[in-house]
Amino acid sequence: MKARSAIVYSVLRLLAFLVPFGILMLFPIMREYYWLAAIFAALIGLSLSVLFLRKPLDDVTSGLAERRAKARAAAGDEEAEDAAADAAASSTPETDRPESRA
């Protein structure tokens, strides 16, 4: 995942909340009920992000998916190597093993 795409998306999401919140706080009634302004700004920000931030969201999620696929592939390789080593260790014949006799 590219850090730049995640930062751009995060900043745009914050702006999608802060700009409507600032505009709503200009109204006298919203100054009194700041929590209501925050709820409205969150709903407006969510709507704006769904409508206009599809491309940055796709960039971030595709980067996360690639990163996860690489991690799974690396874990799969390690598990395959461990299984091969265990199979090689268990397939040694009994006659090759030294026995201790009293």
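Quick caveat, the model's predicted, so the values are computed rather than measured.

**Q** Where do I start with the environment of S62 in this structure?
**A** Looking at the element boundaries, S62 is found in helix α4 (residues 54-90). Side-chain polar atoms of S62 contact the backbone oxygen of D59, separated by 3.0 Å.

**Q** Help me understand the packing of aromatic side chains in this model?
**A** Any aromatic ring pair is given by two values, namely how distant the centres are and how the planes are angled relative to each other. Scanning the model with the defined rule gives two aromatic pairs in all. Considering the side-chain rings of F17 and F21, the 5.7 Å spacing of their centres and the 15° angle between planes classify their relative orientation as stacked. Note that F17 and F21 are positioned in helix α1 (residues 3-24) at a spacing of four residues, about one turn of the helix. Given a relative accessible area of 26%, F17 falls into the partly exposed group. F21 gets classed as partly exposed once you look at its relative accessible area, which sits at 23%. For the ring pair Y33 and W35, a centre distance of 6.2 Å and an interplane angle of 85° mean the geometry is edge-to-face.

**Q** Got a minute to help me understand the pattern of salt bridges in this structure?
**A** Side chains that differ in sign of charge can pair as their charged atoms come close. Here the structure, examined in full by the defined rule, presents one salt bridge. The salt bridge involving K55 is made with D59; its shortest N-O contact spans 3.1 Å. Residue K55 and its partner D59 are both found in helix α4; the two are separated by four residues, about one turn of the helix. Overall, K55 belongs to the exposed group, its relative accessible area being 56%.

Reading guide: rules and limits
- Residues numbered from 1 in each chain as written.
- Predicted model: local features only at pLDDT ≥ 70, side-chain atom pairs only at ≥ 80, totals over all residues.
- Heavy atoms only, no water.
- Helix = DSSP H or I, 4+ residues; strand = E, 2+ residues; numbered from the N terminus.
- Polar contact = N/O pair within 3.5 Å; in protein donor to acceptor, adjacent residues only side chain to side chain.
- Phe/Tyr/Trp six-rings, centres within 6.5 Å; stacked < 30°, edge-to-face > 60°.
- Buried < 20%, exposed > 50% of the residue type's maximum accessible area, 1.4 Å probe, protein only.
- Salt bridge = Lys/Arg side-chain N within 4 Å of Asp/Glu carboxyl O.

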